Amino acid sequence: MAHISDLIATDIEQYLQAHEKKSLLRFITCGSVDDGKSTLIGRLLYESKMLFEDQLAAMEADSKKYGTQGENLDFALLVDGLAAEREQGITIDVAYCFFSTDKRKFIVADTPGHEQYTRNMVTGASTDAAAVLMVDARRGVLTQTRRHSYLVSLLGIRHIVVAINKMDLVDYAEPVFRRICDDYRSFAAQIGLDDVTFIPMSAYKGDNIIEPSASMPWYHGTTLMGYLETVEVDDQRLQKQPFRLPVQWVNRPNLDFRGFAGTIAGGVVKPGDRVRVQPSGKESTVARIVTRDGDLEQAVAGQSITLTLADEIDISRGDVISTADAPAGSADQFETTLVWMHDEPLLPGRPYLLKIGAKTVTATVTHIKYQVNVNTLEHVAARTLELNAIGVCNLSLDRPIAFDPYADNRDTGGFILIDRLSNNTVGAGLIHFALRRSQNIHMQHVDVDKAARASLKHQKPCVLWFTGLSGAGKSTIANLVEKKLHAHGYHTYLLDGDNVRHGLNKDLGFTEADRVENIRRVAEVAKLMVDAGLIVITAFISPFRAERQMARSLVAVDEFIEVFIDTPLDVAEGRDAKGLYKKARRGELKNFTGIDSPYEAPEAPDVRINTVTMSADEAATYLVLELQRRGGLGD
Amino acid sequence: MSLTHLQRLEAESIHIMREVVAEAENPVMLYSIGKDSAVMLHLAMKAFHPARPPFPLLHVDTRWKFRDMYAFRDEMVSKLGLDLIVHINPEGIAKDINPFTHGSAIHTDIMKTEGLKQALDKYGFDAAFGGARRDEEKSRAKERIFSFRTAQHRWDPKSQRPELWKLYNARKHKGESMRVFPLSNWTELDIWQYIYLEKVPIVPLYFAAVRPVVARDGALIMVDDERMPLHPGEVPMMKKVRFRTLGCYPLTGAVESEADTLPAIIQEMLLTKTSERQGRVIDHDSAASMEKKKQEGYF
């Protein structure tokens, strides 16, 4: 084979010199279990002689034990990894394989083709420059082919090869190949894929993988390996982008050195270049590019470097250093595409952590514009996104970030969402653009502020946030507390769950998503009322910790008092003043907290009221005293 | 300007190390003295230059490494001015665990697996760099770069966090820890090429030299010190050998070789095609053995 160099035996030093200059291509293979994808990868490994004798021996032994190819070698066994998968005979996660030729080193992301594994494919594709889409020549372009094509184009892969496999099973017939090419082309145009190459092949027999196939003399195009060795690796394109350095770590070994370390996400940098730091907008000039092997005269996209600047300006982890000519944008509201990656669905209004580059901020989805049906590409209305769903959503952040549209730069335009309680990575997102309102709507300065309004009322505004099961006694106690405060001349407002649902929130139901939105609105209203100088009492089940935490975060630290009306489920159900528990038990009321919808009790409430040992009136008196003790009632 | 594959691998590893240092509270680098550790340490020196790597090295010792390895370790640490923590499982010392009387499985479990867990708990490390590569073994091909362990140090292959772009979610609950593998995407050939190109210092045992060995179960075992019990009538042979991988000397097979330069080693590797783990006696059990070990907490 041409790519296994004879130099290894004859002149190893020259071989090594040649190999030091190889480039790196990362690509993804997509297809279903039956398309022969693992067989193809196994063959690439085998043919590029990257297998060792003991691996071959193991494959031969395994082929007899688990193989699906009879007496022949089952190349798929080289790729399929974990014990459980091996027994099921399928790949269930992203696996990375490595091989190399004289020209390139390759990293292959192997991802499964099942519908429920969108998450894995998106993960695998995020780092890749090219994609190999497997099509079974007998079956042609299938729904899953369209799905995979959409996903790779969504993730910004620009070079697609459609590998029309199992040509040996259709007698190497050219018309079969042509028909599939035509089918695919009409579809590819719709989703904006323009660099598409079609190769007829047989991974099993080795046709057009490394060597041109003798069985398909009508095909004059490249072999798969020929394609992979020459397709553009994206380096050049990224280097033409404006300079971006997301700052990962500030290097301060002593008082005289202050370096900004990170991986260049786009462009080229040289000492003397004028740069702007986002989101602060401050400017300076690059002084040095420092490495352990001496200073560099320039550095390019993809390199991990340390910069020093001519001026002492305040830069911390998460900031982005850009070229001053074309700096990154800075905004706090975006239109994005979100891919949901977790069993627990996306809840609009719930705060998640958003990590982009080296920056982590808090973000909420304010609006799901639509969900994309990945099979038909239709837009469907959605109030939430389930695992493997893809939607176009507006996002609102708690502070501005530096960004580029994902289409321009993956590393400054791609982000992940993290659940604040479980710490799981629950979603991945691509920034389309900043919402114009985030750049044009500024907070209007007002002269009469919260303190001024409060002082006129001779009180210190706050929120008494009641939480507890239905029937725990929230409304009853809240009502008594307000009566007592009112009697003492305090300005109060009681936001009660049922009452609010008759007005402000009458469009909301009781699904998890609606409950989150219900609480988000109430929290925002409570915040406005605190700003107005009022003592606000809220009486909502507010079952989820995340939303109570969000409500707390909207006001000052000492302005939020979480009151847990602690009533055991059996006691609350025994009271059942509204007959709701009976209905729920009969199955007539869905999503009822405590029955078929969870209640996450506060771990450390500011006040806990045990309604089994305390009457409603005692509880109210206790709360007023507690408010006094905390200085909430002024002088 | 186009980056070479080694430049891109280097940049990725450095990015990963900086991310851990920025997000973890108390990171540590596991240092096994082998060639992968040598490359990892070299990359760490680059990642944080001109500062020194802001974490100590941890060597989980078994007391059965080659003498050359101990000498090399101490020399590197003093030359680079790094902090080194050496941990030996005290229970293993008390029971005098060794590969001869207890066999490789028990020796490895107590001295390495248990020893590592003890050391991580003792010093409260919440992130540990390891030099494992995805090309070493099939189950590793599917492990993430940031790999989470429960407070009991267990790995669950079914619930791994997706890793997209260069974004790593390093958040964890109290008691949980992460193992981070900056060399995940390197192959054995990449490692050797990088050592050659960057003149990374490695233990002399990788180079062929005349050494005393005995043949045991088809493997050549070096008689590295007087603790090696010889069978009746067994006399060490002087052979020109080298090691493709380094571990406890009684568990590490030598190969006969003339390769005493880096190009010769790489040449030999490319021509002989025996994958490197074959020299490790622990791997011979079954194909799924590494996965089992990993779920139990072996690195």
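Residues numbered from 1 in each chain as written. Chains lettered and ligands numbered in written order. Predicted model: local features only at pLDDT ≥ 70, side-chain atom pairs only at ≥ 80, totals over all residues. Heavy atoms only, no water.

### Focus: the overall build of chain B
- Along its length, chain B carries eight helices and 10 strands.
- Burial statistics for chain B: of 299 residues in total, 64% are counted as buried.
- For chain B, restricting intrachain contacts to residue pairs at least 6 apart in sequence, the fraction spanning at least 24 positions comes to 73%.
- In the structure as shown, chain B presents an accessible area of about 10,900 Å², 53% of it carried by carbon and sulfur atoms. (Helix = DSSP H or I, 4+ residues; strand = E, 2+ residues; numbered from the N terminus. Buried < 20%, exposed > 50% of the residue type's maximum accessible area, 1.4 Å probe, protein only. Contact = heavy atoms within 4.5 Å. Areas by Shrake-Rupley, 256 points an atom, 1.4 Å probe, with all protein chains shown as cover.)

### Notes on the overall build of chain A
- Of regular secondary structure, chain A possesses 20 helices and 27 strands.
- Counting all 635 residues of chain A, 57% fall into the buried class.
- Long-range pairs, those at least 24 residues apart, make up 73% of the contacts in chain A with a sequence separation of at least 6.
- Per element, the accessible surface of chain A, about 26,600 Å² overall, is 50% carbon and sulfur.

### A look at the nonpolar core
- Counting 82 residues, the largest nonpolar core has A:Phe27, A:Ile164 and A:Tyr184 as the members making the most contacts within it.
- It is helix α8 (residues 174-190) of chain A that provides the largest number of residues to this core, a total of seven residues.
- When residues no more than four places from it in sequence are discounted, the contact partners of A:Ile164 are A:Val135, A:Ala137, A:Phe177, A:Ile180, A:Cys181, A:Phe198, A:Ile199, A:Pro200 and A:Met201.
- Residues B:Met45, B:Val77, B:Val203 and B:Tyr249 belong to the second largest nonpolar core, which totals 78 residues. (Core = buried A, V, L, I, M, F, W, Y, C linked by side-chain atoms within 4.5 Å.)

### Section: the environment of B:Met222
- Secondary-structure assignment places B:Met222 in strand β8 (residues 219-222).
- With sequence-adjacent residues up to four places away left out, B:Met222 is seen in contact with B:Phe66, B:Leu205, B:Arg211, B:Pro212, B:Val213, B:Met228, B:Phe243 and B:Tyr249.

### Remarks on the interface of chain A and chain B
- On the side of chain B, 73 residues touch chain A, which itself brings 90 residues to the contact.
- Counting each side, the surface lost to burial between chain A and chain B is near 7,100 Å², with a carbon and sulfur contribution of 55%.
- Between chain A and chain B we count eight salt bridges in total.
- Among the ionic pairs, B:Glu23 bridges to A:Arg317, the shortest N-O distance being 2.7 Å.
- At six residues, helix α2 (residues 12-20) of chain A tops the list of elements feeding residues into the side of chain A that touches chain B.
- Within the side of chain A that touches chain B, the residues separate by chemical class into 41 nonpolar, 27 polar and 22 charged. (Buried area = accessible area lost by both parts, 1.4 Å probe. Salt bridge = Lys/Arg side-chain N within 4 Å of Asp/Glu carboxyl O. Nonpolar A, V, L, I, M, F, W, Y, C, P; charged D, E, K, R; others polar.)

### Here we look at the sheet that holds strand β2 (residues 95-100) of chain A
Residues and elements named next belong to chain A.
- Read from one edge to the other, the open sheet built from six strands follows the order β2-β3-β1-β4-β5-β6, with strand pairing classed as mixed. The two strands at the open ends of the sheet, each matched to only one other strand, are β2 and β6 (196-200). Each adjacent strand pair in this sheet contributes to an overall mean axis angle of 25°, direction not counted.
- Direction of pairing for strand β1 (residues 23-30) relative to strand β4 (residues 130-136): parallel, over a ladder of four bridges. Bridged to threonine 29 within β4 is valine 132. (Pairing = 2+ DSSP bridges. Axes fitted to C-alpha atoms, helices over the stretch in contact; angles between N-to-C directions.)

### Some points on helix α7 (residues 143-154) of chain A
Residues and elements named next belong to chain A.
- With 12 residues, α7 extends 16 Å from end C-alpha to end C-alpha; this agrees with the ideal 16 Å at 1.5 Å per step.
- Of all 12 residues that make up α7, nine are buried, and the element is covered over most of its length.
- Considered for burial, the residues of α7 that qualify are Gln144, Thr145, Arg147, His148, Ser149, Tyr150, Leu151, Val152 and Leu154.
- Of the residues trailing α7, glycine 156 is marked for its positive phi of about 85°. (Expected span 1.5 Å × (residues − 1).)

### What about α8(A)?
Residues and elements named next belong to chain A.
- Compared with the 24 Å implied by 1.5 Å per residue over 17 residues, the 25 Å span of α8 between its first and last C-alpha is a close match.
- Within the span of α8, buried status applies to Val176, Phe177, Ile180, Cys181, Tyr184, Phe187 and Ala188. Summarising the axial view, the buried residues of α8 lie within an arc of 140°, below the 170-degree limit, and thus occupy one face. In this structure, α8 carries Pro175, Arg179, Ala189 and Gln190 as exposed residues pointing more than 90 degrees from its buried face. (Arc of directions from axis to C-beta.)

### Things to note about the packing of aromatic side chains
- As enumerated under the stated definition, the model contains 24 aromatic pairs over all chains in all.
- Through a chain of ring-to-ring contacts, the aromatic side chains of B:Trp64, B:Phe66, B:Phe100, B:Phe243 and B:Tyr249 assemble into a single cluster.
- The side chain of A:Arg146 reaches across the aromatic face of A:Phe187, ending 5.8 Å from its centre.
- For A:Arg350, the ring lying beneath its charged end belongs to A:Phe544, and the centroid distance is 5.3 Å. (Phe/Tyr/Trp six-rings, centres within 6.5 Å; stacked < 30°, edge-to-face > 60°. Lys NZ or Arg CZ within 6 Å of the ring centre and 35° of its normal.)

### Some points on the sheet that holds strand β23 (residues 462-467) of chain A
Residues and elements named next belong to chain A.
- Strand order in the open sheet formed by five strands is β24-β25-β23-β26-β27, and the pairing between neighbours is parallel. Edge positions in the sheet fall to β24 (492-496) and β27 (607-610), since each has one partner strand and no second. For this sheet, the mean inter-axis angle between neighbouring strands, taken without regard to orientation, is 20°.
- Summarising the sheet, β23 and strand β26 (residues 560-566) pair through five bridges and their orientation is parallel. Its bridge partner being in β26, phenylalanine 466 is matched across the sheet by valine 563.
- Packing against the sheet, helix α17 (residues 545-554) makes contact with β23 and β26, and its axis sits at approximately 150° to β26.
- Against the sheet, helix α20 (residues 616-629) contacts β23, β25 (535-539), β26 and β27, and its axis sits at roughly 165° relative to β27.

### Observations regarding the pattern of salt bridges
- Tallied over the full model, the rule gives 60 salt bridges over all chains.
- A:Lys450 is paired through a salt bridge with A:Glu559; the nearest N and O atoms lie 3.0 Å apart. In this pair, A:Lys450 is assigned in helix α13 (residues 450-456) and A:Glu559 in the loop between α17 and β26, connecting sequence segments 109 residues apart.
- Accessibility expressed as a relative area gives 8% for A:Glu559, which makes it buried.
- Close ionic contact of A:Glu562 with A:Arg548 constitutes a salt bridge, the shortest N to O distance being 2.9 Å. Taken together, the residues span a long stretch of sequence, with A:Glu562 in strand β26 and A:Arg548 in helix α17 at a distance of 14 residues. Here A:Glu562 matches A:Arg548 in class, with each residue buried.
- Salt bridges sharing common partners tie together A:Asp293, B:Glu10, B:Lys46 and B:Glu198.

### What about the packing of helix α6 (residues 118-125) of chain A against α7(A)?
Residues and elements named next belong to chain A.
- Contact pair α6 / α7: the axes reach a minimum separation of 9 Å and the direction vectors enclose 40°. As judged from the angle between their axes, α6 and α7 are oblique. Every pair of crossing elements has a handedness; the one defined by α6 and α7 is right-handed. On α7, the residues that touch Thr118, Met121 and Val122 of α6 are His148, Leu151 and Val152.
- Grouping the amino acids of the contact of α6 with α7 by side-chain chemistry returns four nonpolar, two polar and no charged. (Parallel < 35°, antiparallel > 145°, perpendicular 65-115°, else oblique. Left-handed = near helix turned anticlockwise from the far one by under 90°.)

### A few points about the packing of α2(A) against helix α6 (residues 188-198) of chain B
- Running from N to C, α2(A) and α6(B) cross one another at 100°; their axes reach a closest spacing of 11 Å. It follows that α2(A) is roughly perpendicular to α6(B) by the angle criterion. Residues A:Glu13, A:Tyr15, A:Leu16, A:His19 and A:Glu20 of α2(A) lie in contact with α6(B), whose contacting residues are B:Leu189, B:Gln193, B:Tyr196 and B:Leu197.

### Quick notes on the state of the cysteines
Residue and element names in this part refer to chain A.
- Taken as a whole, this structure holds zero disulfides over all chains when the rule is applied.
- Free cysteine: cysteine 97, not disulfide-bonded; nearest cysteine sulfur from cysteine 30 at 14 Å.
- Judged by its relative accessible area of 8%, cysteine 97 falls in the buried class.
- Counting only cysteine sulfurs, cysteine 30 is the nearest neighbor of cysteine 181, a cysteine outside any disulfide, at a range of 17 Å.
- Since its relative accessible area comes to 2%, cysteine 181 is described here as buried. (Disulfide = S-S within 2.5 Å.)

### With respect to the environment of B:Pro162
- Inspection of the secondary structure assignment puts B:Pro162 in the loop between β5 (146-149) and β6 (177-180).
- With 16 residues separating them along the chain, B:Pro162 and B:Phe146 place their C-alpha atoms 9.7 Å apart.
- Aside from chain neighbours lying at most four places away, what touches B:Pro162 is A:Arg119, A:Thr123, A:Met341, A:Thr425 and B:Arg144.

### Re the pairing of strand β9 (residues 237-242) of chain B
All names here are of chain B.
- Two strands pair when backbone bridges link them, and strand β7 (residues 209-216) and β9 are joined in this way by five bridges, in the antiparallel orientation. Among the inter-strand pairings, proline 212 is bridged to a residue of β9, identified as methionine 238.
- The sheet contact formed by β9 and strand β10 (residues 253-256) spans two bridges and is antiparallel. Looking at the pairing, valine 241 lines up with glutamate 256 of β10.

Everything listed is a geometric property; what it means functionally is a separate question.
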